[in-house]
Amino acid sequence: MSRAESVENSAVSRGTVGDYVDAMGPSWIAGAIAAGPATIASLVTAGGTFGYSLLWVVVLSAGAGALAQYLSMRLGLLTERGIVAVVEDHLGETWAWLLVGDAVLAAGVAQLVIMKTVATVSATVTGIDARIWGVAWALVLAAGLAGGGYRFLELAAKVLVLLVVVAFVASLFVVPIDAGAAVAGLIPSVPSGSALVAAGILGGAVHITLITMHSYTMRARGWTREDYDLATVDVGASMLVAFGIYSLAIFLVTASVLTSGDLTTVGAAEALGPLVGDSARWLFLLGLWGAAVSTLGGNTIVPPFLLADKLGWGTTIEDNRYRGLLVAVALLSAPGAFIGGNVLGQLVLVLALGTVGTPFVIALVLYLLNSDAVPERNSLAANIGGLALIAVSGGLAANFVVEQLGGGIGPLSGFVLAFAVALGLAMAGLGGKFLREELLA
């Protein structure tokens with residue numbers, strides 16, 4: 001038994017805080033991606049435009065994100081394999097390629113816009129051109145992941161997410177919070193014009209990239225069914241606690257000090273300066289930068305994991321083919337820094353595109369968790385929760401598609417419509433297959 005495995009087993013048996021913290025990791029990668037610039041964009045817009053009224057959505061998003069990761073964790077541990085291989089064995093190669101295409105498309109588009117965000121914030125802080133930063137970050141990312149692999153990414157995610165949480169919690173001490181209005185915001189309501197923003201907040205926590213990558217990060221850590229308790233704590237600590245506190249802090253800070261509905265991620269950080277002083281402004285920038293960097297690193301590993309698994313390659317840096325995929329995805333993210341336009345609008349678009357592909361992945365996970373792919377089927381409560389996730393993410397996706405079609409069918413709206421229809425038909429086929437199997441059982 002390796003030292004890492006010994007530490008993890010002792011963490012489960014003794015249950016000490018220090019051992020759990022040392023052993024945790026895989027779900028923190030998902031948390032690092034969830035706590036990204038697109039989520040910040042949604043939270044800042046929600047707080048700055050609608051005050052405290054959407055606080056209930058912020059609280060709900062942490063719970064929904066934790067549930068999605070729990071289901072993904074359960075599938076990964078019970079099968080002890082990557083999700084693509086499990087889908088291919090139990091549903092066939094066509095379904096596996098559909099899953100890979102869905103996830104790689106969402107992650108690839110997100111990679112470019114996230115790199116733009118990282119480069120833009122880096123340029124704001126240092127004064128160095130964002131395009132130079134884009135190339136520099138791509139090289140650092142390639143060298144770090146190819147050299148240190150998963151363990152490098154896990155450590156970076158833990159540190160950066162912690163810094164993000166600390167930065168925004170610290171901001172709470174220098175801004176005036178209206179406790180009464182905040183309590184009122186826990187009562188569910190949807191103010192006029194807030195539906196898309198609310199969808200963005202929920203979509204940031206329940207996303208295709210987070211669900212698909214989890215089985216691979218657990219495999220990279222060497223976790224098995226014996227680590228079920230540890231993996232559950234890992235999900236709770238990263239999504240419910242760290243991500244939940246992170247989201248609440250950003251929302252409460254912006255709801256307290258921002259009043260303009262015309263916001264960008266960087267503009268919101270700068271707007272805090274004259275309102276609450278330079279300390280809060282720089283804390284906000286630090287949090288934004290840390291969130292963008294940690295999301296960039298976590299998102300980079302998604303396409304290599306899925307493609308390598310589908311092609312039958314190894315999913316560790318010991319396999320040079322997988323290492324090559326990591327380097328390629330890292331370097332191909334550099335052009336994102338050269339994209340023009342408003343970062344906020346692009347982040348919302350990326351989040352929405354990913355949301356279109358998310359219900360299909362949740363449906364695949366639920367199907368497999370209720371099939372002979374696992375030694376024990378899902379509980380009724382887990383199935384109800386999963387169906388609720390499909391309903392929520394499906395509603396977000398439908399709203400986005402309808403909005404895109406509002407101005408007529410163009411290249412982008414046509415692509416989004418075709419993507420949504422294809423995945424919708426796939427979900428219908430999957431549901432029909434499950435019902436037939438249950439009726440014949």
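Residues numbered from 1 in each chain as written. Predicted model: local features only at pLDDT ≥ 70, side-chain atom pairs only at ≥ 80, totals over all residues. Heavy atoms only, no water.

1. Notes on the overall build of the protein chain
Okay, step 1: For the protein chain, the helix and strand inventory stands at 19 helices and zero strands.
Okay, step 2: A burial count over the protein chain gives 56% of its 441 residues as buried.
Okay, step 3: If you take every contact in the protein chain between residues at least 6 apart in sequence, the share linking residues at least 24 apart comes to 84%. (Helix = DSSP H or I, 4+ residues; strand = E, 2+ residues; numbered from the N terminus. Buried < 20%, exposed > 50% of the residue type's maximum accessible area, 1.4 Å probe, protein only. Contact = heavy atoms within 4.5 Å.)

2. Examining the pattern of salt bridges
Okay, step 1: In the structure shown here, the tally under the stated rule is nine salt bridges.
Okay, step 2: Between D319 and R321 there is a salt bridge whose closest N-O contact spans 3.0 Å.
Okay, step 3: Sharing partners across several salt bridges, the network here consists of E88, E93 and K310. (Salt bridge = Lys/Arg side-chain N within 4 Å of Asp/Glu carboxyl O.)

3. Looking at the confidence of the model for the protein chain
Okay, step 1: The predicted model of the protein chain has a mean per-residue pLDDT of 80, with 81% of residues at 70 or higher.
Okay, step 2: Of the regions scoring below 50 in pLDDT, residues 1–14 engages in 19 contacts with residues more than four places distant in sequence or in other chains. (pLDDT = per-residue confidence, 0-100.)

4. Some remarks on the packing of helix 7 (residues 93–126) against helix 11 (residues 208–221)
Okay, step 1: It is the contact of helix 7 with helix 11, at a shortest axis distance of 9 Å, that shows an interaxial angle of 120 degrees. As summarised for this structure, helix 7 and helix 11 are arranged oblique, according to the angle between their axes. Considering how the two elements wind past one another, helix 7 and helix 11 form a crossing that is left-handed. In this structure, helix 7 uses L99, D102, A103, A106 and A107 to contact helix 11, whose residues at the interface are I208, T209 and T212.
Okay, step 2: Looking at side-chain class alone, the contact of helix 7 with helix 11 contains five nonpolar, two polar and one charged residues. (Axes fitted to C-alpha atoms, helices over the stretch in contact; angles between N-to-C directions. Parallel < 35°, antiparallel > 145°, perpendicular 65-115°, else oblique. Left-handed = near helix turned anticlockwise from the far one by under 90°. Nonpolar A, V, L, I, M, F, W, Y, C, P; charged D, E, K, R; others polar.)

5. A few points about helix 5 (residues 55–79)
Three or four residues apart is the spacing at which side chains of an α-helix point the same way, because the helix has 3.6 residues per turn.
Okay, step 1: With 25 residues, helix 5 should cover 36 Å at 1.5 Å per step; its first-to-last C-alpha distance of 37 Å lies within 8% of that length.
Okay, step 2: A large share of helix 5 lies buried, amounting to 19 of its 25 residues. (Expected span 1.5 Å × (residues − 1).)

6. Regarding the environment of R219
Okay, step 1: As for its placement among the helices and strands, R219 is situated in helix 11.
Okay, step 2: Overall, the relative accessible area of 37% leaves R219 in the partly exposed class.
Okay, step 3: Remark: the alpha-carbon pair of R219 and L77, spanning 142 residues in sequence, is separated by 8.6 Å.
Okay, step 4: With residues near it in sequence (within four places) discarded, R219 still touches E80, R81, G82, D309 and T315.

7. With respect to the nonpolar core
Okay, step 1: In this structure, I83, V84, V87, W95, F243, F251 and L364 are the most contacted members of the largest nonpolar core, which totals 124 residues.
Okay, step 2: If near-sequence neighbours (up to four positions away) are discounted, I83 is found in contact with L75, L99, T212, S215, Y216, L306, D309 and V365. (Core = buried A, V, L, I, M, F, W, Y, C linked by side-chain atoms within 4.5 Å.)

8. As for the side chain of Q111
Okay, step 1: Mapped onto the elements, Q111 comes out in helix 7.
Okay, step 2: Taking relative accessible area as the criterion, Q111 reaches 3% and is therefore assigned buried.
Okay, step 3: A polar contact is formed between the side chain of Q111 and the side chain of N299, at a distance of 2.7 Å. (Polar contact = N/O pair within 3.5 Å; in protein donor to acceptor, adjacent residues only side chain to side chain.)

9. Overview of the environment of V233
Okay, step 1: Its place among the elements puts V233 in helix 12 (residues 228–257).
Okay, step 2: When its relative accessible area of 33% is taken as the criterion, V233 is described as partly exposed.
Okay, step 3: In this structure, the C-alpha to C-alpha distance between V233 and S27, residues 206 residues apart in sequence, is 9.4 Å.

10. Focus: helix 4 (residues 37–50)
Okay, step 1: In this model helix 4 runs 19 Å from its N-terminal to its C-terminal C-alpha over 14 residues, within 8% of the 20 Å that 1.5 Å per residue would give.
Okay, step 2: The element helix 4 is extensively covered by neighbouring structure, given that 13 of its 14 residues are classed as buried.
Okay, step 3: G51 lies just past helix 4 and shows a positive phi near 65 degrees.

11. Digging into unusual backbone geometry
Of all residues except glycine, most have a negative phi; of all peptide bonds, most are trans.
Okay, step 1: For E80, which is not a glycine, the phi torsion comes out positive at approximately 55 degrees.
Okay, step 2: Here E80 lies in the loop between helix 5 and helix 6 (83–91).

12. A word on the packing of helix 5 against helix 10 (residues 195–205)
Okay, step 1: Contact pair helix 5 / helix 10: the axes reach a minimum separation of 8 Å and the direction vectors enclose 25 degrees. If you check the angle between helix 5 and helix 10, you find them roughly parallel. Handedness of the helix 5/helix 10 crossing: right-handed. Contacts from V57, V58, L60, S61 and G65 of helix 5 reach helix 10 at A198, I201, L202 and A205.
Okay, step 2: Of the residues assigned to the contact of helix 5 with helix 10, the class counts are seven nonpolar, two polar and no charged.

13. A short note on a nonpolar patch on the surface
Okay, step 1: Taken together, the side chains of V135, L139, L331 and F338 present a nonpolar region at the surface, about 370 Å² in accessible area.
Okay, step 2: Along the chain, L139 turns up in helix 8 (residues 130–171). (Patch = residues over 30% accessible without salt bridge, like charges linked within 9 Å, V, L, I, M, F, W, Y side chains within 5 Å. Areas by Shrake-Rupley, 256 points an atom, 1.4 Å probe, with all protein chains shown as cover.)

14. Things to note about the packing of aromatic side chains
Okay, step 1: Counting across every chain of the model gives seven aromatic pairs.
Okay, step 2: Between F305 and Y322 the ring centres are 5.6 Å apart and the planes differ by 25 degrees, which places this aromatic pair in the stacked class. Placement of the pair is F305 in helix 15 (residues 302–311) and Y322 in helix 16 (residues 320–332), with a sequence separation of 17 residues. Side by side, F305 and Y322 carry an identical accessibility label, which is buried.
Okay, step 3: Members of the aromatic cluster, connected to one another through ring pairs, are Y216, F305 and Y322. (Phe/Tyr/Trp six-rings, centres within 6.5 Å; stacked < 30°, edge-to-face > 60°.)

15. Comments concerning the environment of E376
Okay, step 1: With respect to the helices, strands and loops of the structure, E376 is situated in the loop between helix 17 (343–369) and helix 18 (380–405).
Okay, step 2: By relative accessible area, E376 is classed as partly exposed at 46%.
Okay, step 3: For the pair formed by E376 and L78, sequence separation is 298 residues and the distance between their alpha carbons is 8.1 Å.
Okay, step 4: Apart from residues no more than four positions distant in its own chain, E376 is found in contact with R74, L78 and L369.

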